[in-house]
Amino acid sequence: MLETAGPGAGRRPKTADERESTLNYLVRRFGDRVLKLAYYHVRDRYLAEDICQEVFCRVYRHLDRFRGDSSYYTWIYRITMNLCRDYKASAYFRRMLPARMEEEVIAAAETRMFEIAEGGEVFSKVMDLPLKLRTVIALYYFEEMKTAEIAQVLGISEENVRKRLCRGRELLRKKLSQEER
Amino acid sequence: MNERELDSLLTQGKKEAGDFFSSFMPAPTQLAAEAVSKSRRSWRPQAVRRMALAAACVAAVLAFALLAWLLPHAEYARPGAQPSALAQADDTPVDNVPTETVALGEDKEFRMNHIPTTVHDGAVPGIMTVLWELSGNWSQQMAYSSVFEYCDTVYPAMIIPFSGADYDMLLIASGDSAHGRIGYRLVGYRTNAIQTWWSRDGLPGGDISVQDGVAVEKAADDSQQSGLRVTYIVPIQTTSGALVLPVSRLRLGVGERLLLIGSSTDDVDAESLGGLMSREDSEPYGEAAEMFTAVGTGEDVLQISDGHAGNSLTVSIVEHE
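All of these numbers come straight from a predicted model, not from anything done at the bench.

It is worth spelling out the nonpolar core at this point. Residue and element names in this part refer to chain A. Ranked by internal contacts, the top residues of the largest apolar core, which has 63 residues, are Leu 26, Tyr 40, Phe 56, Val 59 and Ile 76. Top contributing element to this core by residue count: helix 1 (residues 16-42), with 12 residues. Excluding its chain neighbours within four sequence positions, the residues that come into contact with Ile 76 are Leu 26, Phe 30, Val 34, Val 55, Phe 56 and Val 59.

With that settled, the discussion passes to the environment of B:Asp300. Residue and element names in this part refer to chain B. Tracing the sequence through the fold places Asp 300 in strand 21 (residues 298-305). Residues Asp 300 and Leu 273 lie 27 residues apart in sequence; the distance between their C-alpha atoms is 6.5 Å. What Asp 300 contacts, discounting residues up to four positions off in sequence, is Ser 272, Leu 273, Gly 274, Gly 275, Leu 276, Met 277, Leu 313, Thr 314 and Val 315. Here the side chain of Asp 300 touches Gly 275 through a polar contact of 3.4 Å, landing on its backbone nitrogen.

Attention now moves to the confidence of the model for chain A. Averaged over all residues, the pLDDT of chain A equals 77, while 71% of them reach at least 70. When the criterion is pLDDT under 50, residues 91-101 of chain A qualifies, and its contacts beyond four places in sequence or with other chains add up to 34 contacts.

Looking now at the pairing of strand 17 (residues 257-261) of chain B. All names here are of chain B. Most of strand 17 is tucked away, with 5 of its 5 residues classed as buried. Every second residue of strand 17 is oriented toward a common face, with Arg 257, Leu 259 and Ile 261 on one face and Leu 258 and Leu 260 on the other, all of them buried. Here strand 13 (residues 228-235) runs beside strand 17; their pairing, made up of 5 bridges, is parallel. Within strand 17, the position partnered with Pro 235 by the bridge is Ile 261.

How each quantity is defined
- Residues numbered from 1 in each chain as written.
- Chains lettered and ligands numbered in written order.
- Predicted model: local features only at pLDDT ≥ 70, side-chain atom pairs only at ≥ 80, totals over all residues.
- Heavy atoms only, no water.
- Core = buried A, V, L, I, M, F, W, Y, C linked by side-chain atoms within 4.5 Å.
- Buried < 20%, exposed > 50% of the residue type's maximum accessible area, 1.4 Å probe, protein only.
- Helix = DSSP H or I, 4+ residues; strand = E, 2+ residues; numbered from the N terminus.
- Contact = heavy atoms within 4.5 Å.
- Polar contact = N/O pair within 3.5 Å; in protein donor to acceptor, adjacent residues only side chain to side chain.
- pLDDT = per-residue confidence, 0-100.
- Pairing = 2+ DSSP bridges.

Structure representation (structure tokens):
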């Protein structure tokens, strides 16, 4: 569910103590969700933890700029998505990736360090979905977010969220059905 | 598998996700302390770093201003030279390339220079392509630059016309003649800056051109019958809330690919209504991209959306000639 602003709602924290108190509250409240969102996006535990830490660094630095016109939750999730996208759009993945390496990178991605950790048949099949689909499937079914919230977090329309949920379910059904045979 | 069974499995997946994440959740207090500590470390030297960065920027601007003054006077370049002869030429050794003027719109003209350079402490040769934005009073400022590593030849500037959008787009390419590879950048003008929509480096046996209003990439690929993998690159622009494509129809051969690409901040979604275009996993290409492969002959329609606006592209797919 969408969260309203936390302690001192509507009032920007001014002193260092207030800022740290607000940060502690936000980390307790949203830390695990930020980490999960980052992981759904980048599929690397250590990178997700780095992103999570960077998210809260930025939250801490910009607390006094937070205008309260959206919920903390939406603001923090948007920071998370932007950092994940920055990672994806970085030189390593776009400009410095020679043509033939694409297939090698995809194959290597399948043997990254998460492969031992991602236990559970269904969870790993969801994580095998293409990025755009697994994010909405994971946020809807695992994090129990509503389509409106997912749309806000990902910066897309609700209609797109619903379309991706349909496509994701269909693809997942095929993957899981193949496993059953 | 019916819907109820799938829902049941997804519930199981939720539990599996919970178990998985429980193994690597950092303690909240630890995370908060690390965030504060890291913020403080980056804050204290920030003022010093800002001053150093400002000094570096001033030095860079002075260096480029000097280059801008020197280059038009160089033996091989004439200010404002039109690329008339060069446009029909193939890629040209960089030393023989005159300055080109490229116009992306009525009020958006750029001068393009190609400067031999080295990177990685002089270990790697390359070409730096620079776009200078022209304004009144003969003044110009650097709008964009990109290094093509290992390249020594230059393609003429290629414009992708965009009726319906504020600006056309530009394809810049360079070649590595020793290894038969190319690199290119597809750039456009958005939010008062030149931005890269798509870029590639080191394409083997590669070629890039503009055909029928879109960019066409060809790269050597032994897995293809023809030995070449062909990709049609269709950039997407958003203008006044509308999603604009450079063309409304396209013709592909079976096995050829189509890449829909927005700017880096877009989230592009597309669907093949006729099922003749098979979607690839877009993860290697980013969220601003959708890659399709033509798998059947006939006519298909791709319904495209960036989450806010939509458009469609009609694709005619034929067997290879």
